[in-house]
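# A structural walkthrough
Now for the letters of each chain:
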Amino acid sequence: QVQLVESGGGLVQAGGSLRISCAASGRTLSSYVLGWFRQAPGKEREFVTAITWSTGTARYPDSVKGRFTVSRDAAKNTVYLQMNSLKPEDTGVYYCAARRSSYSQYESWGQGTQVTVSS
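Note that this is a predicted model, so its numbers are computed, not measured.

### Overview of the nonpolar core
By size, the foremost hydrophobic cluster in this structure holds 26 residues, and its most contacted members are Trp36, Leu81, Met83 and Tyr94. Secondary structure elements with two or more residues in this core: strand 3 (18–25), strand 4 (32–39), strand 5 (46–52), strand 7 (68–73), strand 8 (78–83), strand 9 (92–100) and strand 11 (113–118). The biggest single contributor to this core is strand 3, with four residues. Discounting chain neighbours no more than four positions away, the residues touching Met83 are Gly16, Ser17, Leu18, Ile20, Arg67, Phe68, Tyr94 and Val115.

Rendered as structure tokens:
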């Protein structure tokens, strides 16, 4: 129902920063949660962060806490992921996803954007 398009991925050196974006369309996001996931080669998809659109409340796992920040721009229906102090283990394809606040399953996914962190 919600269409998602990621952008902003690229190659950065360890310790650097990168901001990736996810533009949403098709639905009003007031009742949605927007999440970021990543997947490295040979590894399972990993939760990165999520933000509740209506409140702006976000959560992070320990792996990215203190380094990554998720935010939203309601006027643009866009969610951003600011990544600082990047590490090689942050390398992977980053996907944004959307789910309704009342459900636990993400129903919409973007195509992904590649983030590569070199040593």
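### A short note on the pattern of salt bridges
Where side chains of opposite charge bring their charged atoms close, a pairing between them can arise. Across all of its chains, the model carries five salt bridges by this definition. We note a salt bridge from Arg67 to Asp90, for which the minimum N-O separation is 2.8 Å. With Arg67 in the loop between strand 6 (58–59) and strand 7 and Asp90 in the loop between strand 8 and strand 9, this pair connects stretches of sequence that are 23 residues apart. In this structure, the salt-bridge partner of Glu107 is Arg100, at a minimum N-O distance of 3.0 Å. Among the residues examined, Glu107 registers a relative accessible area of 31% and is labelled partly exposed. Look at the salt bridges and you will find they share partners, linking Arg38, Glu46, Arg67 and Asp90 into a network.

Conventions used here
- Residues numbered from 1 in each chain as written.
- Predicted model: local features only at pLDDT ≥ 70, side-chain atom pairs only at ≥ 80, totals over all residues.
- Heavy atoms only, no water.
- Core = buried A, V, L, I, M, F, W, Y, C linked by side-chain atoms within 4.5 Å.
- Buried < 20%, exposed > 50% of the residue type's maximum accessible area, 1.4 Å probe, protein only.
- Helix = DSSP H or I, 4+ residues; strand = E, 2+ residues; numbered from the N terminus.
- Contact = heavy atoms within 4.5 Å.
- Salt bridge = Lys/Arg side-chain N within 4 Å of Asp/Glu carboxyl O.

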